Amino acid sequence: MRRFELPRRTIEAFDSAGVQMDFLPRVAGAAETSVHLATVEAGGTIGVHRATKSQVFAVIAGAGEVADTDGVRVPLSAGQLVIWEAGEMHQSWATTAMSVVIVESDGRFETTEHHREL
């Protein structure tokens with residue numbers, strides 16, 4: 001598991017105003033990619049399971065914890081993301097109500113210099 005700060009930028013292109021955008025890692029070499037939005041209530045969990053594809057788990061609101069194969073819980077809050085590789089066992093818990101964007105892909109997630117590893 002790799003953990004990153006979710007980079008946020010003000011968007012002014014196309015005469016945009018009042019827009020803040022969080023940037024997920026790019027997906028390279030993918031034949032299939034899916035995007036999901038999950039809401040996990042406080043005390044809820046997405047149970048332990050094996051990632052079938054590489055996966056980004058980006059918290060957009062709230063806070064929780066995540067663990068990979070070693071089972072060690074690591075805090076994760078709004079503005080942060082983790083990347084699990086295909087085959088990695090993992091689980092997540094919400095310590096407060098938590099909204100999460102989950103991207104699964106058979107491609108590679110490519111972080112940039114803006115994704116500061118935590």
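These numbers come from a predicted model, not from an experiment.

Q: For the sheet that holds strand β8 (residues 63-67), give the residues involved together with the corresponding values.
A: What the four strands build is an open sheet, ordered β6-β11-β8-β9; its pairing is antiparallel. Every other strand in the sheet has two partners, leaving β6 (45-50) and β9 (74-77) as the edge strands with one partner each. With direction set aside, neighbouring strand axes in the sheet form an average angle of 20 degrees.

Q: Talk me through the nonpolar core; I want residue IDs and the actual numbers.
A: One finds Phe 57, Val 59, Val 66, Leu 76, Val 82, Met 98 and Val 100 to be the most contacted residues of the largest nonpolar core, which totals 13 residues. Here the element with the most residues in this core is strand β12 (residues 98-105); it accounts for three residues. When neighbours within four sequence positions are excluded, Val 66 is seen to be in contact with Met 1, Phe 57, Val 72, Arg 73, Val 74, Leu 76, Val 82, Trp 84, Gln 91, Ser 92 and Trp 93.

Q: Outline the packing of aromatic side chains, supporting the account with residue identities and numerical values.
A: For any pair of aromatic rings, geometry is given as the distance between the ring centres together with the angle between the planes. For the coordinates displayed, the defined rule picks out one aromatic pair. Taking NZ or CZ as reference, Arg 73 lies 3.6 Å from the ring centre of Trp 93, over its face.

Q: Tell me about the environment of Glu 85, and name the residues and values.
A: By the element assignment, Glu 85 lies in the loop between β10 (80-84) and β11 (89-94). The partly exposed category is assigned to Glu 85, whose relative accessible area is 37%. With 13 residues separating them along the chain, Glu 85 and Val 72 place their C-alpha atoms 17 Å apart. Excluding residues within four positions of it along the chain, Glu 85 makes contact with Arg 2, Ala 51, Lys 53 and Ser 54. A distance of 3.3 Å separates the side chain of Glu 85 from the side chain of Ser 54, its partner in a polar contact.

Q: Tell me what's going on with the pairing of β11, and back it up with residues and numbers.
A: Burial analysis of β11 places five of its six residues in the buried class, which makes it a mostly covered element. Pairing analysis gives four bridges linking β6 to β11, with the strands arranged antiparallel. By the bridge assignment, Arg 50 is partnered in β11 with Met 89. Where β8 and β11 come together, four bridges link them in antiparallel fashion.

Q: Quick rundown of the pattern of salt bridges? Include the residues and the values.
A: Enumeration according to the criterion identifies seven salt bridges in this entry. The partner of Glu 110 in a salt bridge is Arg 26, with the nearest N and O atoms 3.9 Å apart. Residue Glu 110 is located in strand β13 (residues 108-110), and its partner Arg 26 is located in strand β4 (residues 26-28); the two are separated by 84 residues in the primary sequence. For Glu 65, the salt bridge is made with Arg 73, and the minimal N-O distance between the two is 3.0 Å. Classification of Glu 65 as partly exposed rests on a relative accessible area of 23%. Among the ionic contacts, a cluster of salt bridges with common partners joins Arg 26, Arg 108 and Glu 110.

Quick notes on the rules
- Residues numbered from 1 in each chain as written.
- Predicted model: local features only at pLDDT ≥ 70, side-chain atom pairs only at ≥ 80, totals over all residues.
- Heavy atoms only, no water.
- Pairing = 2+ DSSP bridges.
- Helix = DSSP H or I, 4+ residues; strand = E, 2+ residues; numbered from the N terminus.
- Axes fitted to C-alpha atoms, helices over the stretch in contact; angles between N-to-C directions.
- Core = buried A, V, L, I, M, F, W, Y, C linked by side-chain atoms within 4.5 Å.
- Buried < 20%, exposed > 50% of the residue type's maximum accessible area, 1.4 Å probe, protein only.
- Contact = heavy atoms within 4.5 Å.
- Phe/Tyr/Trp six-rings, centres within 6.5 Å; stacked < 30°, edge-to-face > 60°.
- Lys NZ or Arg CZ within 6 Å of the ring centre and 35° of its normal.
- Polar contact = N/O pair within 3.5 Å; in protein donor to acceptor, adjacent residues only side chain to side chain.
- Salt bridge = Lys/Arg side-chain N within 4 Å of Asp/Glu carboxyl O.

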